Amino acid sequence: MASTPVKFISIFFLLTTFAPQVLSVAPEECSTETGDCINKSKALTLKIIAIVSILVTSMIGVCLPLVTRSIPVLSPERSLFVIVKSFASGIILATGFMHVLPDSFDMLSSQCLPEQPWHKFPFTGFVAMLSAILTLMVDSMATSLYSQKHNGILPESVGGGHQELGVVGGGGHFHGHHHSGGIKEGAKGAQLLRYRVVAMVLELGIIVHSVVIGLSMGASNNTCTIKPLVAALCFHQMFEGMGLGGCILQADYKLFKKAAMAFFFAVTTPFGIALGIALSKTYKENSPTALITVGLLNGSSAGLLIYMALVDLLSADFMGPKLQGSIKLQIKSYVAVLLGAGGMSLMAKWA
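Residues numbered from 1 in each chain as written. Predicted model: local features only at pLDDT ≥ 70, side-chain atom pairs only at ≥ 80, totals over all residues. Heavy atoms only, no water.

The name an unreviewed UniProt entry gives the protein chain is Fe(2+) transport protein, with Actinidia chinensis var. chinensis as the organism. UniProt annotates the protein chain under Sequence similarities (unreviewed entry) with the comment "Belongs to the ZIP transporter (TC 2.A.5) family." Under the heading Subcellular location (unreviewed entry), UniProt records this for the protein chain: "Membrane". (UniProt positions renumbered as here; feature names shortened; annotations may be inferred.)

### As for the overall build of the protein chain
Counting secondary structure elements, the protein chain contains 11 helices and two strands. For the protein chain, the N- to C-terminal ordering of α and β elements is α-α-α-α-α-β-β-α-α-α-α-α-α. Of the contacts formed within the protein chain by residues at least 6 apart in sequence, a portion of 82% connects residues at least 24 apart. By element, 68% of the accessible surface of the protein chain is carried by carbon and sulfur atoms, the whole surface being about 16,400 Å². (Helix = DSSP H or I, 4+ residues; strand = E, 2+ residues; numbered from the N terminus. Contact = heavy atoms within 4.5 Å. Areas by Shrake-Rupley, 256 points an atom, 1.4 Å probe, with all protein chains shown as cover.)

### Some remarks on the UniProt feature "transmembrane region" (unreviewed entry) in the protein chain
Following the UniProt record, the feature "transmembrane region" (unreviewed entry) maps to residues 48-68, 80-101, 121-138, 197-217, 229-249, 261-279, 291-310 and 331-350 here. The span residues 80-101 is 100% helical and 0% strand by assignment, and the distance between its end C-alpha atoms comes to 31 Å. In residues 261-279, the share of helix is 95% and the share of strand is 0%. The end C-alpha atoms are 26 Å apart.

### Some details on unusual backbone geometry
In this structure, the amide linkage connecting Q116 to the following residue, P117, adopts the cis form with an omega of 10 degrees. Tracing the backbone through its elements, the reader meets P117 in helix 4 (residues 115-118).

### What to know about the packing of helix 6 (residues 189-219) against helix 9 (residues 288-318)
Think of two packed helices as two axes; the pair is described by the angle between the axes and how far apart they sit. Contact geometry for helix 6 and helix 9: axes closest at 9 Å, N-to-C directions at 150 degrees. Classed by the angle they form, the pair helix 6 and helix 9 counts as roughly antiparallel. The way helix 6 lies across helix 9 gives a crossing that is left-handed. Contacts between helix 6 and helix 9 involve R194, V198, V201, L202, G205, I206, V208, H209, V212 and S216 from the first element and V294, L297, N298, S301, L304, L305, M308, D312 and L313 from the second. When grouped by side-chain class, the residues that make up the contact of helix 6 with helix 9 number 12 nonpolar, five polar and two charged. (Axes fitted to C-alpha atoms, helices over the stretch in contact; angles between N-to-C directions. Parallel < 35°, antiparallel > 145°, perpendicular 65-115°, else oblique. Left-handed = near helix turned anticlockwise from the far one by under 90°. Nonpolar A, V, L, I, M, F, W, Y, C, P; charged D, E, K, R; others polar.)

### Here's the deal with the environment of T223
Counting through the fold element by element, T223 comes out in helix 7 (residues 223-251). In this structure T223 comes out as buried when scored by relative accessible area, which is 8%. As a C-alpha pair, T223 and C37 span 186 residues in sequence and 5.4 Å in three-dimensional space. (Buried < 20%, exposed > 50% of the residue type's maximum accessible area, 1.4 Å probe, protein only.)

### Some remarks on helix 5 (residues 123-149)
An α-helix turns once every 3.6 residues. As a result, residues three or four positions apart point the same way. The first and last C-alpha atoms of helix 5 sit 38 Å apart over 27 residues, in line with the 39 Å expected at 1.5 Å per residue. Buried within helix 5 we find F123, T124, V127, A128, S131, L134, T135, V138, D139, A142, T143 and Y146. (Expected span 1.5 Å × (residues − 1).)

### A short note on the nonpolar core
Nonpolar side chains in soluble globular proteins tend to end up buried together. Counting 42 residues, the largest nonpolar core has L202, L244, I248 and M308 as its most contacted members. Taken together, the elements giving at least two residues each to this core come down to helix 3 (79-108), helix 5, helix 6, helix 7, helix 8 (255-278), helix 9 and helix 11 (327-347). Per-element tally for this core: the top contributor is helix 9, with 10 residues. Apart from residues no more than four positions distant in its own chain, M308 is found in contact with T135, V198, V201, L202 and L313. C112, W118, V127 and L297 belong to the second-largest nonpolar core, a separate cluster that totals 18 residues. (Core = buried A, V, L, I, M, F, W, Y, C linked by side-chain atoms within 4.5 Å.)

Okay, structure coming up:
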């Protein structure tokens, strides 16, 4: 991924993190958690269980597509891979619409925030819109920059069973064969660049919202909330990981970069939980700064995830030659999208 787009999007998230400290005006003290469900020691045990279980399920989810090269029926050239990827894309879409975006609305419309400006302007929709536009800019500009940078290195098409391709950001080259499950025979070098940009931008968006989710869980001592959230997050991380793993597989990175991307995805939510535990004495969920910071980050993540799911995952696949060439496969893929989005929407009841 180009350093300029990464810096650009990083600056955006930093601004959404520190801007609330300037904009917030502390209202009257909001009520803290009380009731039978508040049990600090039991909550800590549940959080430790959550860290381990989410780490394992995340790793399984993101690594599962990466081992499909050795399973012919699940290789990227086969129809089953497209159907599974559609299912995972539906989960990512529902994550943005049904989990992250509503959370942002709730936080930025909280009664703990001052009336002006937070109750007078729809900040969640505004930030999500800006995030989607920014993602489009990064997506488009990164693809253009890499296409220009590697012009003449990446072939326009793969002419035979063996080809040599420049590796984006890898500083070298690799050799591929049409039977290796890597780049599909006849695909253009530009498509490889697109896969790599998509994988990196999607990973960035997932990492941001995963840390936010983990932080909120780690800082809470409400056992009634944590129990169902552990199961919901395990399901969520596994299938979201499958979507990301499919993108990493299509990007055809070298082993080290695949392992690094899988590792960072798997550890972000557990890291967020651990960070929440460490900050539980100072981090207050209902404080204005926490509500605004997390709310804006959630809005940003929602815009990015919705854009990526609709444009770079679903639209790219459904308008591509493979699905356009088969109405039957399109129908199966649409069913998979609806199942993934529907299942994730049901999880919103507990998460």
